[in-house]
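# Tertiary structure, described
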Number of protein chains: 2
Amino acid sequence: MEGGAMNVEPQTAELDCLAGVRIVDLSQYEAGPSCTETLAWLGAEVVKIERPGRGEPARYGYARVPDKDSWYFCQFNANKKSVTLDLKSERGIAILKALLKNADVFIENLAPGAIERLGLGYDVVRAINPRLVYAQIKGFGEGNRYEDFLAYDPIAQAMGGIMSVTGERNGPPVKPGPGLGDTGTGMLMAISILGALYRAKNTGRGQRLQVAMQDACMSYIRLAWAHTLHTGEACGRHGAKTVVGNVVPQGAFRCKGDGPNDYIIMYCHPGVPEQFQRLLAVIGREDLLGDPRYATQAARAEREPEVNAMITAWTMQHTKLEAMEILGAAKVPVGAVLDTKDLYADPDFERRGLMQAVEHPTLGRFKMVGWPVRHDGKMARIRPAPLVGENTDEVFTAWLDMSDDEIERLRKDGVV
Amino acid sequence: MEGGAMNVEPQTAELDCLAGVRIVDLSQYEAGPSCTETLAWLGAEVVKIERPGRGEPARYGYARVPDKDSWYFCQFNANKKSVTLDLKSERGIAILKALLKNADVFIENLAPGAIERLGLGYDVVRAINPRLVYAQIKGFGEGNRYEDFLAYDPIAQAMGGIMSVTGERNGPPVKPGPGLGDTGTGMLMAISILGALYRAKNTGRGQRLQVAMQDACMSYIRLAWAHTLHTGEACGRHGAKTVVGNVVPQGAFRCKGDGPNDYIIMYCHPGVPEQFQRLLAVIGREDLLGDPRYATQAARAEREPEVNAMITAWTMQHTKLEAMEILGAAKVPVGAVLDTKDLYADPDFERRGLMQAVEHPTLGRFKMVGWPVRHDGKMARIRPAPLVGENTDEVFTAWLDMSDDEIERLRKDGVV
C-alpha cells in the first residue's frame, strides 16, 4: 500500500473510549493541556476555559505567526473546544460553577494558591459536584519546602534528577528535548484521571488528584535509581549511551555526511551475545569471532575505544540510513538519529495515521503527530485546535441550556 | 511536621481505582512492566507470567547482586504478583488461556511475531474473551518499513526524533537519561488501556491496542514539531536550554563547588518581564533596571554571553542550594540540578510519601519512588516486587479454582 490521501482515512477514527465524559479545562501552556488533549483524543469532550479576547497565553507564545495562534498552542490543544469566560467577574465564576456541576473532570495548573483565590478550591467544587474528578498540577509537592517557588519544565527536570543523568560524561547537565516536566507530568495525570473516572463509575464519587512536576520527573528515572541503589553513588551522565554506561558496544557512531545528526545509535544487548557476533560479520571482522578479547561484555568494556573505532571505520563508509538498513536487516540493534525535518517529510507516518494533515482556519494545512496508540487498528482522528471562544455558544447551549439572548448579553457585557 | 516513620504511613494508602481489574502481564524489561506497575499502583491485580526457574530476564539483568533479583527489576515490578508457566508446554499455554478468560487486560512486549508463534495472537485470544483489552508494545509500527528490526530504548529515542533535540548545540546527539522509549511508551499504553477499560464498562467489549516505541517518542517532542512547523527547519539541540533556545536568560549556571551537578537551571519566562527585573535586584545589578540593552527578551538575546557572565559572577559565590533558595524566594524561576544521591537522601520525599521504604525478602530495606499522583491526599502504597513464582498457588487457586494437588503436579512436571 502506498501513501496518499485515499489511504490515510481508513487508518483513523474518532475514538469513543471516553464518549460522554465532560472535562472543564482551566489549564494552560503544556503540562495540563497535554493531559487534556490526550483525553480528547480518547473521545472526551474537553472544554477549554479562556480569557475573553486573547485567550490562553500559549496562543501568543512561542513559534507564532503575527496575529495567529502559535504553532506551540496548536500542538497541545487539538480536538478541544474553546469557551471564553472572564473569571474576574462574578457572572463568569457563576457560569464556571454551572459548567463544573455538569462535568466529570476539572483540571488546572495555575500558580500555587491561584485556584483558591478564584473561589474554586477543592472543598467548594466538591460541594457543587461530588462525583467530579478534580485534578491539579503544580511545580512542587504540597508540603515541599519549595512549594511556592515558580516552576517551569526545565526547573522540574533539574530538581527531579533528570538533568543530572543527561549529557556528556564530563560535560554540564543537559535538558532532554522532550518536556518531561510538562508533557511527562501531563501523561501521568491523564493516567490518574482515567483511574479516578473508572472508580467514579463504580462508586459515584470523584477524587482530588495532585501531582508535582518535580515528583513526576523523579518517577521517570527508575533506571538511575537502580544504579544508585546498586552502587550507593549518584547516577552519572553517559552521552548517547544508556545510564547502563558499561554495555559495549553502544552509543552514537558517526556515519558518512557532515550533518549534526549523521549518526546511528547502537545497543548490543548484554544478554544476547549473538548481536555482537552479527555485527562483526557485517563489518567484515569475522576474524574476531570467538576471540576472547571481544567475546564477552566484560572483555569489550576494557577496550571500548578500540571496539568503537572498529565499528566507526565501517559506519563512516555509509550514510546513517544505509548503515541502519544493513545492520538492522542483520538483526543488530541500531537506529538512525532522525530529526524533525526527516520525520516530518516521511510519508510513512501519514500513511499509518500517526501523523495527520489538519486544516486550521488561520494557519492552513499542516501535519501533526497525534495519539500514538492504535485502538482496534485505528489512530485517533485529529481535529485542529479551536480558535479562541469558538465553541462558547455551542457549549453554553448544550451544557447549560442557555438561550441565544443570554449569551448575547454576556458577550455585550464582556463576560465571554 | 518532621520526617520519621510515624508520619509516613498516613500519606499512603492502597488505591482502589482499579479494584477488581485483573491483568495478565507477559511483558518484560521496561516498556511493558512500567505500564503494568502503574496499573498495579492504581489498584489492579497484575499477574506477571514468568519462565519457571529464573523468571523474567530483567531479574538477572542490570545492577544485580549475585543470586538476587536486580535492582532494575525491582524498580518496574512493585505491587505485582508473579506466576511461573512454561509456555513451551501445551499445559502451560492452556493455563495461560484459562487465565486470559478470567482477565480484563493482557499485555505483551515480545519481539515481533513471537506472541502469534505462541498461539496467542489477537484473534485467538479475542475468541476466548471478547471483553479483554489486548495490549501490545513493539519497537516500530505495524506496516513500518523497519517493523522487524530489533528496538531497545535508545534506538526508539534515536528514530523518534528525541536524540536529535537533546545535547549540546554543536555536540553529538545525547540520549536523555529517562527511558522515553521504554517508560515513556509504557505510560502512553497505560492511558490507552485505561481508556479501553472505561469503554469496556459501557460496551462489554475489549479492544486491541498497539503502540510503537518510535511513534511514542515522536509524540513526546511536540515543542520541537512546533519549531519545525514555524521555521521549516529541523529543531536543533540547545544544551540545558529549552528547544525555545532564544529565551535569555535561561540554562545552566555554574555555582560554587566542583561537582558535576553544581549548577542551577534558570528560565526567565519571556511573558513575565518582572522575573528578569527581580533577578537583577538579587544579583545587585539594580543599576541596569530599565536599561534598554536588557529590558526586552530580544535585546538580551543579542548579548546573551554578557548577560550570562553577569549572572554567573553571582552564582559562583553561592552553592547551588543557596543560589536556588535566594533566587527562588525572590520569585525568579530557578532550580538546582539535583542528582539521584541528593534526592535519595532527602527525607522530604519519604515524609510526603513519594518515596517509600519497602522490605524486600532478599535485598532488604530500601526506598523507592512510587506513583507520583496523590489521590484524595494519599500516595499509592508500594509493595516490593515479587520473587519469581511467589504467587503461583494463590493465583491458580483464586482465578482457576485449582486444587493444591493439581498445582503440585504441575510443579513436579516443570510446567510451573
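Residues numbered from 1 in each chain as written. Chains lettered and ligands numbered in written order. Predicted model: local features only at pLDDT ≥ 70, side-chain atom pairs only at ≥ 80, totals over all residues. Heavy atoms only, no water.

### A short note on the overall build of chain A
Counting its secondary structure elements, chain A contains 19 helices and 14 strands. The principal-axis extent of the C-alpha atoms belonging to chain A is close to 85 × 55 × 45 Å. In chain A, which comprises 416 residues, the proportion classed as buried is 62%. Nonlocal contacts in chain A, meaning residues at least 24 apart in sequence, comprise 67% of its contacts between residues at least 6 apart. When the accessible surface of chain A is split by element, carbon and sulfur atoms take 50% of a total near 14,700 Å². (Helix = DSSP H or I, 4+ residues; strand = E, 2+ residues; numbered from the N terminus. Buried < 20%, exposed > 50% of the residue type's maximum accessible area, 1.4 Å probe, protein only. Contact = heavy atoms within 4.5 Å. Areas by Shrake-Rupley, 256 points an atom, 1.4 Å probe, with all protein chains shown as cover.)

### Let's talk about the packing of aromatic side chains
Residue and element names in this part refer to chain A. Going through the model one piece at a time under the given rule, you end up with 14 aromatic pairs over all chains. Ring plane angle 50 degrees and centroid distance 5.3 Å describe the contact between Phe 106 and Tyr 134, whose orientation is recorded as tilted. Within this pair, whereas Phe 106 is found in strand 5 (residues 105-108), its partner Tyr 134 is found in strand 6 (residues 133-138), the two being separated by 28 residues in sequence. Like Phe 106, the residue Tyr 134 is buried in the burial classification. Chaining the aromatic ring pairs together yields one cluster made of Phe 106, Tyr 122 and Tyr 134. The ring of Tyr 60 is capped by Arg 54, whose NZ or CZ atom sits 3.7 Å from the centre of that ring. One Lys or Arg, Lys 367, reaches over the ring of Tyr 344 and ends 4.9 Å from the middle of that ring. (Phe/Tyr/Trp six-rings, centres within 6.5 Å; stacked < 30°, edge-to-face > 60°. Lys NZ or Arg CZ within 6 Å of the ring centre and 35° of its normal.)

### Focus: the interface of chain A and chain B
Counting from both sides, the interface comprises 145 residues of chain A and, opposite them, 145 residues of chain B. When the two sides are added together, the surface that chain A and chain B hide from each other amounts to roughly 12,400 Å², 65% of it contributed by carbon and sulfur. At the boundary of chain A and chain B, one finds ten salt bridges. For Lys 341 of chain B, the salt bridge identified is with Glu 233 of chain A, shortest N-O distance 3.7 Å. (Buried area = accessible area lost by both parts, 1.4 Å probe. Salt bridge = Lys/Arg side-chain N within 4 Å of Asp/Glu carboxyl O.)

### Notes on unusual backbone geometry
Following Val 248 of chain A, the chain continues into Pro 249 of chain A via a peptide bond in cis, with omega recorded as 0 degrees. Structurally, Pro 249 of chain A is set in the loop between helix 10 (222-231) and strand 8 (250-254). Here the phi dihedral of Asp 376 of chain A falls at roughly 45 degrees; this positive angle occurs in a residue that is not glycine. Tracing the sequence through the fold places Asp 376 of chain A in the loop between strand 13 (374-375) and strand 14 (379-380). Positive phi, close to 60 degrees, is recorded for Asn 79 of chain B, a residue that is not glycine. Topologically, Asn 79 of chain B is positioned in the loop between helix 3 (71-76) and strand 4 (81-84). The class for Asn 79 of chain B is buried, based on a relative accessible area of 5%.

### A look at the pattern of salt bridges
All names here are of chain A. With the rule as written, the count across this model stands at 56 salt bridges over all chains. The salt bridge partner of Asp 393 is Arg 411, with a shortest N-O separation of 2.8 Å. One end of the pair, Asp 393, is in helix 18 (residues 392-400); the other, Arg 411, is in helix 19 (residues 404-412), and 18 residues separate them in sequence. Accessibility expressed as a relative area gives 33% for Asp 393, which makes it partly exposed. Sharing partners across several salt bridges, the network here consists of Arg 22, Glu 45, Lys 81 and Glu 394.

### A few points about the relation of the copies chain A and chain B
Once turned by 180 degrees and shifted 0.0 Å along the axis, chain A lies on chain B with an RMSD of 0.0 Å. Given the turn and translation reported, the copies of this chain are related as if by a two-fold rotation axis. Residue by residue, 100% of the interface of chain A is reproduced at the interface of chain B, so both copies engage with the same surface. (Least-squares fit on C-alpha atoms with pLDDT ≥ 70 in both.)

### Concerning the side chain of Asp 346 of chain A
Structurally, Asp 346 of chain A is set in the loop between helix 16 (340-345) and helix 17 (347-351). Note on Asp 346 of chain A: relative accessible area 15%, which makes it buried. For Asp 346 of chain A, the contacting residues outside a window of four places in its chain are Lys 367 of chain A together with Arg 145 of chain B.

### Focus on the domain arrangement of chain A
As far as domains go, chain A holds domain 1 (5-220 + 345-412) and domain 2 (250-254 + 263-336). For domain 1 of chain A versus domain 2 of chain A, the distance between C-alpha centres works out to 43 Å. (Domains from an automatic or database assignment.)

### Observations regarding the packing of helix 18 (residues 392-400) of chain B against helix 19 (residues 404-412) of chain B
All names here are of chain B. In the contact formed by helix 18 and helix 19, the axes pass within 10 Å of each other and the chain directions differ by 135 degrees. On the basis of their axis angle, the class for helix 18 and helix 19 is oblique. By crossing handedness, the relation of helix 18 to helix 19 is classed as right-handed. Across from Thr 392, Asp 393, Phe 396 and Thr 397 in helix 18, the residues of helix 19 making contact are Ile 407, Leu 410 and Arg 411. Taken together, the residues of the contact of helix 18 with helix 19 break down into three nonpolar, two polar and two charged. (Axes fitted to C-alpha atoms, helices over the stretch in contact; angles between N-to-C directions. Parallel < 35°, antiparallel > 145°, perpendicular 65-115°, else oblique. Left-handed = near helix turned anticlockwise from the far one by under 90°. Nonpolar A, V, L, I, M, F, W, Y, C, P; charged D, E, K, R; others polar.)

### Some details on the environment of Val 247 of chain B
Residues and elements named next belong to chain B. Within the element layout of this structure, Val 247 appears in the loop between helix 10 (222-231) and strand 8 (250-254). Placed 23 residues apart in sequence, Val 247 and Pro 270 show a C-alpha to C-alpha distance of 6.6 Å. Here Val 247 is in contact with Tyr 267, Cys 268, Pro 270 and Gln 297, once residues within four sequence places are set aside.

### Regarding the sheet that holds strand 8 of chain A
Residues and elements named next belong to chain A. A sheet is described by the order of its strands in space; here three strands give the open sequence 8-9-10, paired in antiparallel fashion. Two strands lie at the open edges of the sheet, namely strand 8 and strand 10 (334-336), each paired on one side alone. Strand-to-strand twist across the sheet, computed as the mean angle between neighbouring axes with direction ignored, equals 25 degrees. The pairing of strand 8 with strand 9 (residues 263-267) spans five bridges and is antiparallel. Its bridge partner lying in strand 9, Gly 251 is registered against Met 266. Sitting on the sheet, helix 14 (residues 304-315) is in contact with strand 8 and strand 9, with an inclination near 40 degrees to strand 8. Helix-sheet contacts for helix 15 (residues 320-329) involve strand 9 and strand 10, and the interaxial angle to strand 10 is about 160 degrees. (Pairing = 2+ DSSP bridges.)

### Description of the nonpolar core
In terms of nonpolar packing, the biggest core is built from 206 residues, with Met 189 and Ile 193 of chain A together with Met 189 and Ile 193 of chain B touching the most fellow members. Those residues in contact with Met 189 of chain B, other than ones at most four positions away along the chain, are Val 373 of chain A together with Cys 35, Ile 107, Ala 135, Gln 136, Ile 137, Leu 209, Gln 210 and Val 211 of chain B. (Core = buried A, V, L, I, M, F, W, Y, C linked by side-chain atoms within 4.5 Å.)

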